[in-house]
Amino acid sequence: MHSNQTIKIIIMEYIKTDIEGVWVIQPKVFNDSRGYFFEAFKQAEFDEHIGRHVEFVQDNESKSSFGVLRGLHYQKGEFSQAKLVRVIKGRVVDVAVDIRKSSPTFGKYVMVELSEDNKTQFFIPRGFAHGFLVLSEEAIFTYKVDNVYAPQSEASIRWNDEEINIQWPIDAKDVKTSEKDLNGSSLASAEVFE
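The structure presented is a predicted model; accordingly, all values stated were derived computationally and were not measured.

All right, on to the nonpolar core then. Residues L72, Y74, V97, I99, I157 and W168 are the most contacted members of the largest nonpolar core, which totals 21 residues. Breaking this core down by element, the ones donating at least two residues are strand 6 (69-75), strand 8 (91-98) and strand 11 (128-134). Grouped together as the second largest cluster of nonpolar side chains are 18 residues, I19, V22, V24 and A96 included.

Set out below in structure tokens:
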């Protein structure tokens, strides 16, 4: 007797965070004597767990050394972006800050460690500022976005904004960031989402 029933294999664990819409995603990794294999992204499964369709249109990659902090970045208005981020080499802490003015978690953040070992991914919806800090000698960071880069719409909030008060895991004197990020807005003066 044949069955038309489909067997569903879980390849990702989707973990809700304390902020609505932000997800930690842990893939199932298959290891053997040859190395490992895992599915890094599966559109239908992603949409099912997130609860809506997110169409990613661009993949980005960066390489950074220990202490480099990129962020807290976002794009305003029609160019806002959702991001699905992960690390393919090294280790970082990744942060999503809720900058939706009407949100009950406005100004709050979620921090998660992403590394080549844990293969964890982090989904950050539109309406958030995003940044990461490199904890390893170097890190290769990759991410999908659902909207193209628009330089006229980019903005940033200072990584050490006192109101947000992110507890970065290294001493501030060891942080290396760009001039642009050093001159980011405070949360209080930033152009945020309604």
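Having seen the structure, we can now continue with the description.
Turning our attention to unusual backbone geometry. A cis geometry characterises the amide bond from G71 onward to L72, with omega recorded as 10 degrees. Inspection of the secondary structure assignment puts L72 in strand 6. For K119, which is not glycine, the phi torsion reads 55 degrees and is therefore positive. Looking at where K119 falls in the secondary structure, it is placed in the loop between strand 9 (109-115) and strand 10 (121-124). The phi angle at N165 is positive, at roughly 60 degrees, despite the residue not being glycine. Looking at the secondary structure, you find N165 in the loop between strand 13 (154-156) and helix 2 (179-182). Judged by relative accessible area, which is 45%, N165 ranks as partly exposed.

This part is about the pairing of strand 8. Sheet faces and side chains relate simply in a regular strand, where the side chains alternate between the two faces. A large share of strand 8 lies buried, amounting to 7 of its 8 residues. Inspection of the sheet shows strand 8 paired to strand 9 by 7 bridges, in the antiparallel sense. The partner of V97 across the bridge, within strand 9, is Y109. Relative to strand 11, strand 8 is paired through 7 bridges, and the arrangement is antiparallel.

According to the stated counting rule, one finds 9 aromatic pairs in the structure shown. A ring pair is formed by Y14 and W23, whose centres lie 6.3 Å apart and whose planes are at 75 degrees; its orientation type is edge-to-face. Given a relative accessible area of 13%, Y14 falls into the buried group. Judged by its relative accessible area of 10%, W23 falls in the buried class. An angle of 80 degrees between the planes, with centres 5.2 Å apart, marks the rings of F46 and F123 as edge-to-face. In this pair, F46 sits in helix 1 (residues 43-50) while F123 sits in strand 10, placing the two residues 77 residues apart along the sequence. Aromatic ring contacts, followed pair by pair, group Y14, W23, F41, F46, F56 and F123 into a single cluster. When the ring centre of F41 is taken as origin, the NZ or CZ atom of K144, which lies over that ring, is 5.2 Å away.

With that settled, consider the side chain of D94. When you line up the elements, D94 lands in strand 8. Buried within the structure, D94 lacks any salt-bridge partner; its nearest side chain of opposite charge belongs to K83, at an N-O separation of 8.3 Å. In contact with D94, other than residues within four places in its own chain, are V85, V110, M111, V112, L114, F122, I124, H130, G131, F132 and F141.

Before going further, it helps to examine the sheet that holds strand 2 (residues 23-27). Each strand in a sheet pairs with another by means of backbone hydrogen bonds, the pair being arranged parallel or else antiparallel. Strand order across the open sheet formed by 6 strands is 1-2-10-7-12-5, with antiparallel pairing between neighbours. The sheet is open, and its two edges are formed by strand 1 (12-16) and strand 5 (58-65), each paired on a single side. Here the strands of the sheet are splayed against their neighbours by 25 degrees on average, with no regard to which way each runs. Sheet topology places strand 2 next to strand 10; 3 bridges connect them, and they run antiparallel. Counted as the bridge partner of I25 is Q121 from strand 10. Across the sheet, helix 1 is in contact with strand 1, strand 2, strand 7 (83-89) and strand 10; its angle to strand 1 comes to roughly 25 degrees.

Thresholds applied
- Residues numbered from 1 in each chain as written.
- Predicted model: local features only at pLDDT ≥ 70, side-chain atom pairs only at ≥ 80, totals over all residues.
- Heavy atoms only, no water.
- Core = buried A, V, L, I, M, F, W, Y, C linked by side-chain atoms within 4.5 Å.
- Buried < 20%, exposed > 50% of the residue type's maximum accessible area, 1.4 Å probe, protein only.
- Helix = DSSP H or I, 4+ residues; strand = E, 2+ residues; numbered from the N terminus.
- Pairing = 2+ DSSP bridges.
- Phe/Tyr/Trp six-rings, centres within 6.5 Å; stacked < 30°, edge-to-face > 60°.
- Lys NZ or Arg CZ within 6 Å of the ring centre and 35° of its normal.
- Lys, Arg positive; Asp, Glu negative; His and termini not counted.
- Salt bridge = Lys/Arg side-chain N within 4 Å of Asp/Glu carboxyl O.
- Contact = heavy atoms within 4.5 Å.
- Axes fitted to C-alpha atoms, helices over the stretch in contact; angles between N-to-C directions.

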